[in-house]
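Listed here are the chains, written in short residue letters.
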Amino acid sequence: MSFLVLDPTNERAPPLGQLAKRPGSLRGKTVGFISNGKEGTKGFFAHLDRLLREEFCVAAVVSRTKSNYSAPADGWIVGEVANWDMVVTGIGD
Amino acid sequence: MQLESKIYEAADIGAVQELYHSNGWTDGLPVVPPTRDAVAACLEWTMLPPDHLIGIEPVRAMPVTAEKLAVNAVMAGCLPMHFPVVVTAMTAMLDEKFLLHGATASTGGCAVFIVINGPIRLEIGASGGFNALGNSDRATAVIGRAIRLALINILEVRPGGIDRSTLGHPGKFTYCVAEDEEDSTWLPLAQVRGMPPGASSVTVMAAQAPRQIMNEWTTDPREILETFAAEMRANLRHYSLHAGNYAIVIPKQLREHIQAAGWSKADIAAFIHERARIPRREWADVGKGAVVRDRGDTIYPALESQDHLLVVAAGGPAGGFGAIIPPWLGHKSQAVTMAIGACVDCGPPTE
């Protein structure tokens, strides 16, 4: 006996966001970090901060930490993103 | 009834299983084929149109419709009469306080613990007796599984994808219990949490695995509850210092001693709130001395206030056992209680 069965997935899922335009160079740019505040992020971002300043000559690194590492970034942090040329965020444990 | 889901044809029941497993649409166990008629029956039972919006997961802007929830409920083995509980549980999980994305994406590996209260338990055969928290009955088994399959398929909560759990626990297959209201003198959990008497209700909590305790050597409520509190202190030491919702499940043998002494759920919560706390310095005893720093004397309670304890009467009639169910991680996710098919404390429209 054959079956006609239904797709259980979210066929209405919103499309993924588009990637921002890639910068040609990091020199003189302002880079923002959005950390979730977990222990493992401290060494990672400290290393990345040094690397960006010393080897890629960025103008500034701005570090921000979310108030709740399990929730999206706070509105005031998101509001600052427009002032940065690029942002680094993601999972850190 | 017009359904929107894409239709697949499978040659036989084995082909159905392979179709769903190979697409990552299962929890690894066989599923019931979600046919159009079975899904429509769930929607008709709850009088929900297929495109009814149960809610939107806000972080990823993912909609959950009644049709998709019903497809997953059928796959889990739900009958139409189980579906109202599934709808209400998902609605409660989409309450902002529950922080669904965080709870399901976390490395912390929690599951959604569901407690059913009210007359619907008896209508659907949900048992709060023998083997509660395990495979006690069909209704709680399939309702809890429906929530897991819905997370997997509708919100893409798959291991290694959105679900970043380092370790899961067996409750991630199904984690549902019905409170034993008939064999208890206590107020049902839903009533304690503000639902009116007689309303069927669902409580959801982002929860770690149950931790069992045993104390059959006393009838003193303080001594019995001290064992529960000690297990909560152990969780504060070994897992997380953060206060949040804890549930405790008290089966009949221990429950009768506590009830005979005249203790209500509020009395239990007050006692546990006072006893389930540790100084930070105890972390040094369990290998976490590096983060004690200068705060060794700071006291960390398991509960911010006594109403954060969810006391549930459930379990078989004999045995001096009980369980505590710790939160996923402190108060980041808060337990939510919601009536089934009723609006409690709803305000009038604002526009």
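Heads up: the structure comes first, above all this text.
Below is a short write-up of the structure. (Residues numbered from 1 in each chain as written. Chains lettered and ligands numbered in written order. Predicted model: local features only at pLDDT ≥ 70, side-chain atom pairs only at ≥ 80, totals over all residues.)

1. Overview of the overall build of chain A
Inclusion rule: In this text, helices come from DSSP runs of H or I with a minimum length of four residues, and strands from runs of E with a minimum of two, each type numbered from the N-terminal end. In this setup the radius of gyration rests on C-alpha atoms only. A globule is expected at 2.2 Å times the number of residues raised to 0.38. Buried, partly exposed and exposed are defined by the number of other C-beta atoms within 10 Å of a residue's own C-beta, namely 20 or more, between the two limits, and 12 or fewer respectively, with C-beta atoms placed from the backbone. A pair of residues counts as a contact when their C-beta atoms, built from backbone coordinates, are separated by no more than 7 Å.
Secondary structure summary: chain A contains 2 helices and 4 strands in total. Taken from N to C terminus, the helices and strands of chain A fall in the order β-β-α-β-α-β. Relative to the 2.2 N^0.38 estimate, which gives 12 Å for 93 residues, the radius of gyration of chain A is 19 Å and therefore markedly larger than a compact globule would have. The buried share of chain A, reckoned over its 93 residues, is 13%. If you take every contact in chain A between residues at least 6 apart in sequence, the share linking residues at least 24 apart comes to 76%.

2. Remarks on the interface of chain A and chain B
Formally: Side-chain classes are defined by residue name, with Ala, Val, Leu, Ile, Met, Phe, Trp, Tyr, Cys and Pro counting as nonpolar, Asp, Glu, Lys and Arg as charged, and the others, Gly among them, as polar. Two strands are counted as paired when DSSP detects at least two bridges linking them.
Facing the 20 residues of chain A at the interface are 32 residues of chain B. Each residue belonging to the side of chain A that touches chain B can be placed in one class, and the counts come to 11 nonpolar, 5 polar and 4 charged. Alignment of strand E1 (residues 3–6) of chain A against strand E1 (residues 7–10) of chain B, held across 4 bridges, turns out to be antiparallel. In the strand pairing of E1 of chain B, Phe 3 of chain A is matched with Ala 10 of chain B.

3. Structural notes on the packing of helix H2 (residues 36–46) of chain B against helix H3 (residues 66–76) of chain B
Residue and element names in this part refer to chain B. Keep this limit in mind: Fitting a line to C-alpha atoms yields each axis, with helices limited to the stretch in contact; the angle taken between N-to-C directions then spans 0 to 180 degrees. The scheme is simple: roughly parallel for angles under 35 degrees, roughly antiparallel for over 145, roughly perpendicular for 65 to 115, oblique for anything else. Working rule for handedness: look at the near helix, and if it is turned counterclockwise from the far one by less than a right angle, call the crossing left-handed; if clockwise, right-handed.
Where H2 meets H3, the closest approach of the two axes is 9 Å, and the angle between their N-to-C directions is 120°. As judged from the angle between their axes, H2 and H3 are oblique. The way H2 lies across H3 gives a crossing that is right-handed. Here Ala 38, Val 39, Cys 42 and Leu 43 of H2 lie close against H3, whose contacting residues are Ala 66, Glu 67, Ala 70, Val 71, Ala 73 and Val 74. Class assignment of the residues belonging to the contact of H2 with H3 gives a composition of 9 nonpolar, no polar and 1 charged.

4. Overview of the sheet that holds strand E11 (residues 309–313) of chain B
All names here are of chain B. What the 4 strands build is an open sheet, ordered E7-E12-E8-E11; its pairing is mixed. Among the strands making up the open sheet, the edge pair consists of strand E7 (211–214) and E11. On average, each strand axis in the sheet is tilted by 20° relative to the strand beside it, whichever way the strands run. Both strand E8 (residues 246–250) and strand E12 (residues 321–325) contribute to a ladder of 3 bridges, which runs antiparallel. For Val 249, the partnering residue across the bridge sits in E12 and is Ala 323. Against the sheet, helix H9 (residues 221–238) engages E7, E8 and E12, with an angle of about 145° to E7.

5. Considerations on unusual backbone geometry
Residue and element names in this part refer to chain B. With a phi close to 50°, Leu 99 is a non-glycine residue in the positive phi region. Structurally, Leu 99 is set in the loop between helix H4 (83–93) and helix H5 (100–105). Even without a glycine there, the phi angle at Arg 293 is positive, about 50°. Among the secondary structure elements, Arg 293 is positioned in the loop between strand E9 (277–279) and strand E10 (299–301). When the 9 C-beta atoms within 10 Å are taken as the criterion, Arg 293 is described as exposed.

6. Topic: H3 of chain B
Residues and elements named next belong to chain B. Where burial is concerned, most of H3 is hidden: 11 out of the 11 residues are buried. Within the span of H3, buried status applies to Ala 66, Glu 67, Lys 68, Leu 69, Ala 70, Val 71, Asn 72, Ala 73, Val 74, Met 75 and Ala 76. Just past H3, the residue Gly 77 takes up positive phi, approximately 105°.

7. Digging into the sheet that holds strand E13 (residues 336–339) of chain B
Residue and element names in this part refer to chain B. Read from one edge of the open sheet, 4 strands run E5-E4-E6-E13, paired in mixed fashion. The strands lining the two open edges of the sheet, one partner per strand, are strand E5 (176–178) and E13. Each strand axis lies, on average, 20° off the axis of its neighbour in the sheet, ignoring direction. Direction of pairing for strand E6 (residues 201–207) relative to E13: antiparallel, over a ladder of 4 bridges.

8. Details of the nonpolar core
Residue and element names in this part refer to chain B. Note the following rule: Nonpolar cores are built from buried Ala, Val, Leu, Ile, Met, Phe, Trp, Tyr and Cys residues. These are joined into a set through C-beta atoms within 7 Å.
Leu 69, Val 86, Met 90, Ile 114 and Val 204 are the most contacted members of the largest nonpolar core, which totals 115 residues. Among the elements that take part in this core, helix H7 (residues 138–154) stands out by supplying 11 residues, more than any other. When residues no more than four places from it in sequence are discounted, the contact partners of Val 204 are Ala 89, Ala 92, Met 93, Phe 98, Val 112, Ile 114, Ala 335 and Val 336.

9. Side note on the environment of Gly 322 of chain B
Residue and element names in this part refer to chain B. Mapping Gly 322 onto the fold places it in strand E12. Between the C-alpha atoms of Gly 322 and Glu 4, which are 318 residues apart in sequence, the distance is 46 Å. Discounting residues that sit within four places of it in the chain, Gly 322 has contacts with Ile 213, Phe 228, Ile 248, Val 249, Ile 250, Pro 251 and Leu 254.

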